[in-house]
Amino acid sequence: MSYYKINNLEEYFKHYKKSIREPRKFWGKVAEENFTWYQTWDKVMEFDMAEADIKWFTNAKVNITKNCIDRHLAKRGNKNAIIFEPNDPKEAAQYITYNELYDRVAKMANVLREQGIKKGDRICIYLPMIPELAVAVLACARIGAIHSVVFAGFSASAIASRIIDCECKMVITSDGAYRGNKTIDLKSIVDEALEKCPTVTTVLVAKRTNTEVKMKEGRDLWLQPLLDEAIPNNVAEIMDAEDPLFILYTSGSTGKPKGMLHTTAGYMVYTAYTFKNIFNYEENDIYWCTADIGWITGHSYILYGPLLNGATTVIFEGVPSYPDFGRFWEVIDKHKVSQFYTAPTAIRSLAKESTEWVDKHDLSSLKVIGSVGEPINEEAWHWYNDHVGKKKCPIVDTWWQTETGGIMISPVPFVTPTKPTYATLPLPGIQPVLMDEKRNEIEGNQVVGSLCIKFPWPSIARTIWGDHQRYKETYFSAFPGKYFTGDGALRDEVGYYRITGRVDDVVIVSGHNLGTAPIEDAINEHPAVAESAIVGFPHDIKGNALYGFIILKEIGEYRDRDNLRKEINEHVASHIGPIAKLDKIQFVSGLPKTRSGKIMRRILRKIAEGDFSNFGDITTLLNPEIVEEIKNERL
Ligand code: 6R9
């Protein structure tokens, strides 16, 4: 029997049990039956949790791009691998078949080799969401160069610190990027970053916006002429299972960004397996994930996972609000998208607008809709379910992290019954446990604790680039022998998991542990509220009190702000309890968010405390200007 696909709930439990009792047999079989290897492994897995030393498929030899591209050519050569939907709907979409993708990746790989790039070299990729980004990533993997994709919205100093940390030799960028009605001069941002980066000897520049750029003699080269000269054929590098595939930096809450290192075979097996199951992918489906390839979601579920399954994956250059709030729905209709995967922040921003934007497009091609990045609140879940999924598409609320490489807890659509705001059950191979403050495992159901994983899975990050000690301390020391996620979770009466947010989002008010997420959920249900963020601040009597930053919808009838504050608090009291009432409510026009849509609570916490001294690294914010506004209007 095959373990690659879960077809019903009974099979889910059967596969899950097998994966826990005999993980090596389970993953060995999945790996053997669904991928092409130059050579198989001696051991499926070896690990030492205390040293944070984990290896999968020891001594196997493989190249992930052979599995993403070459092996599909015989059967799917003329099938679209990538559909590129440009920022401007008036510009034609591009359709790239597997045959064409092979040629383009081969040419790019040859260009990299000609430029002296070798296996193990680090390449920084700073590109907008255009086909060249996918091609560049795959070309690195083709020749064993380690890609470090930096989201093309990061500042020069954020790029520089990432390049310096892993000593990149090369940067691949473009003249500019389109984002809604804006044009961003990427190349000049790279130029500024490179003033501090002596290791970079070559910059390859793709053309997208025809923006005028400065080309530095001896360092910068236009990409297209090099590609035009290159041969569309390339022998892939033979990679060891544990050879690095990529580095991806996560915005650590303070200090230096963490370069999470992912290796080849385990990442390949797990992203392919989870893509297949969580999106119920079938041969003729069109799959669209709206994330940026600069995030782990884009790495695993725009590129690697879909391509490993021979899928058609949409790459979208634009934003949800340009040229209007119907853009997402228009793209789904246009390309007959079957699976749609986005973030709660996008859902909430669109749910604020009239439902006419959704209703005027035909979304009947949709089969599964997904959510990732943060807890999805109940109101957003229902809006997504009612208006986008039309109550017939299961919502896969997928919990995972840059560090986990692939989705860890999620419903399997048409298999696991969904429940609003619950990521539900762990995927095969994943053993979540909840821990209390005394570092004991909390048994049973209807419990809350810190979420840990007690056994390695194939796509766990192997280290932090250049700092294994930090990796050990961050993830394996809080609860010895276990991987600590940094998230809190509750397990309900049937064993479903609900992620309650980062553990540091728990505020203790008068001795009561209050998760800020459920309070935010309650507040967001108030008809006047668009979004909210709650943090704790020191209080003489209660120890901590709650401070709410609230964005209002444009609703005229709520002019009396004090009355509204009262109403919101009554709402909280009736949903959570009087203990959760907010001491302060500040109405704001926006919240400080990272580029991936996560609220940067540490800044709000500082503002609430009245400590304006040092906000730390805010280079990763999408809207740094909001910090000033919130600070000035602090209550
Ligand atoms: C994939 C990704 C990881 C953190 C994670 C958690 C939050 C992600 C979630 C979720 C609740 C979900 N998170 N998915 N919380 N429900 N479905 O987002 O990776 O950027 O590294 O963030 O995001 O707090 O720990 P990353």
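Residues numbered from 1 in each chain as written. Predicted model: local features only at pLDDT ≥ 70, side-chain atom pairs only at ≥ 80, totals over all residues. Heavy atoms only, no water.

Looking up the protein in an unreviewed UniProt entry gives the name Acetate--CoA ligase, with the organism given as Flavobacterium cerinum. UniProt, in the comment section headed Sequence similarities (unreviewed entry), describes the protein in these words: "Belongs to the ATP-dependent AMP-binding enzyme family." (UniProt positions renumbered as here; feature names shortened; annotations may be inferred.)

(A) Quick peek at the overall build of the protein. Across its full length, the protein holds 20 helices and 30 strands. Along the three orthogonal principal directions, the C-alpha set of the protein runs to about 70 × 60 × 50 Å. The buried share among the 635 residues of the protein stands at 61%. A fraction of 70% describes how many contacts in the protein between residues 6 or more apart in sequence connect residues 24 or more apart. Per element, the accessible surface of the protein, about 24,100 Å² overall, is 49% carbon and sulfur. Looking at charge distribution, the protein has the averaged site of its 76 positive side-chain charges lying 3 Å from that of its 83 negative ones. (Helix = DSSP H or I, 4+ residues; strand = E, 2+ residues; numbered from the N terminus. Buried < 20%, exposed > 50% of the residue type's maximum accessible area, 1.4 Å probe, protein only. Contact = heavy atoms within 4.5 Å. Areas by Shrake-Rupley, 256 points an atom, 1.4 Å probe, with all protein chains shown as cover. Lys, Arg positive; Asp, Glu negative; His and termini not counted. Charge placed at Lys NZ, Arg CZ, Asp CG, Glu CD.)

(B) Seen up close, the packing of aromatic side chains. Scanning the model with the defined rule gives 44 aromatic pairs in all. Of the aromatic side chains, those joined through ring pairs into one cluster are F275, F279, Y281, Y287, Y301, Y341 and W400. Positioned above the aromatic ring of F154, the side-chain terminus of R162 is 4.6 Å from the ring centre. Seen from the ring of Y422, K419 lies directly overhead, with NZ or CZ sitting 4.2 Å from the centre. (Phe/Tyr/Trp six-rings, centres within 6.5 Å; stacked < 30°, edge-to-face > 60°. Lys NZ or Arg CZ within 6 Å of the ring centre and 35° of its normal.)

(C) Structural context of the packing of helix α2 (residues 23–34) against helix α10 (residues 265–278). For the pair α2 and α10, interaxial distance at closest approach is 10 Å and the crossing angle is 85°. Looking at the two axes, α2 sits roughly perpendicular to α10. Counting all contacts with α2, which are made through F26, W27, V30 and A31, the residues of α10 involved are V269, Y270 and Y273. Residue composition of the contact of α2 with α10, grouped by class: seven nonpolar, no polar and no charged. (Axes fitted to C-alpha atoms, helices over the stretch in contact; angles between N-to-C directions. Parallel < 35°, antiparallel > 145°, perpendicular 65-115°, else oblique. Nonpolar A, V, L, I, M, F, W, Y, C, P; charged D, E, K, R; others polar.)

(D) Structural view of the pairing of strand β24 (residues 483–491). In terms of burial, β24 is a largely internal element, eight of the nine residues being buried. Bridge count between strand β22 (residues 447–453) and β24: six bridges; the pairing is antiparallel. Paired with C452 across the two strands is F484, which belongs to β24. In this sheet, strand β25 (residues 497–502) lies alongside β24 in antiparallel orientation, the contact comprising five bridges. Opposite G488, over in β25, you have G501 as the bridge partner. Counting the residues between successive antiparallel strands, the hairpin from β24 to β25 contains five residues, one of them, G495, with a positive phi of roughly 95°. (Pairing = 2+ DSSP bridges.)

(E) Representation of the nonpolar core in the model. Counting residues in each nonpolar core, the largest one holds 125 residues, and the members touching the most others are W37, F57 and L112. Top contributing element to this core by residue count: helix α6 (residues 131–143), with ten residues. Not counting residues up to four positions away in its chain, the partners in contact with W37 are A31, E32, F57, A60, K61, V62, A265, M268 and V269. Counting residues in hydrophobic clusters, the runner-up holds 28 residues, among them F151, I159, V190 and A193. (Core = buried A, V, L, I, M, F, W, Y, C linked by side-chain atoms within 4.5 Å.)

(F) A look at the site of the ligand. As a structural note, the neighbourhood of the ligand is formed by 16 residues, with D397, T398, T402, D487 and R502 the closest of them. Relative to its unbound accessible surface of 530 Å², the ligand loses 91% to contact with the protein. Every element with two or more residues in the shell around the ligand is listed here: α11 (296–308), β20 (395–398) and β25. A breakdown of the residues in the shell around the ligand according to their chemical character gives six nonpolar, five polar and five charged. (Near = heavy atom within 4 Å.)

(G) Region of interest: helix α12 (residues 327–335). Those residues of α12 that fall on the buried side of the exposure criterion are R327, F328, W329, V331, I332 and H335. K336 lies just past α12 and shows a positive phi near 55°.

(H) Molecular detail of the packing of α10 against α11. Their axes nearest at 8 Å, the elements α10 and α11 cross at an angle of 90°. By the angle class used here, α10 and α11 are roughly perpendicular. Contacts between α10 and α11 involve Y267, M268, T271, A272, T274 and F275 from the first element and H299, S300, Y301, Y304, G305, P306 and L308 from the second. Taken together, the residues that form the contact of α10 with α11 break down as eight nonpolar, five polar and no charged.

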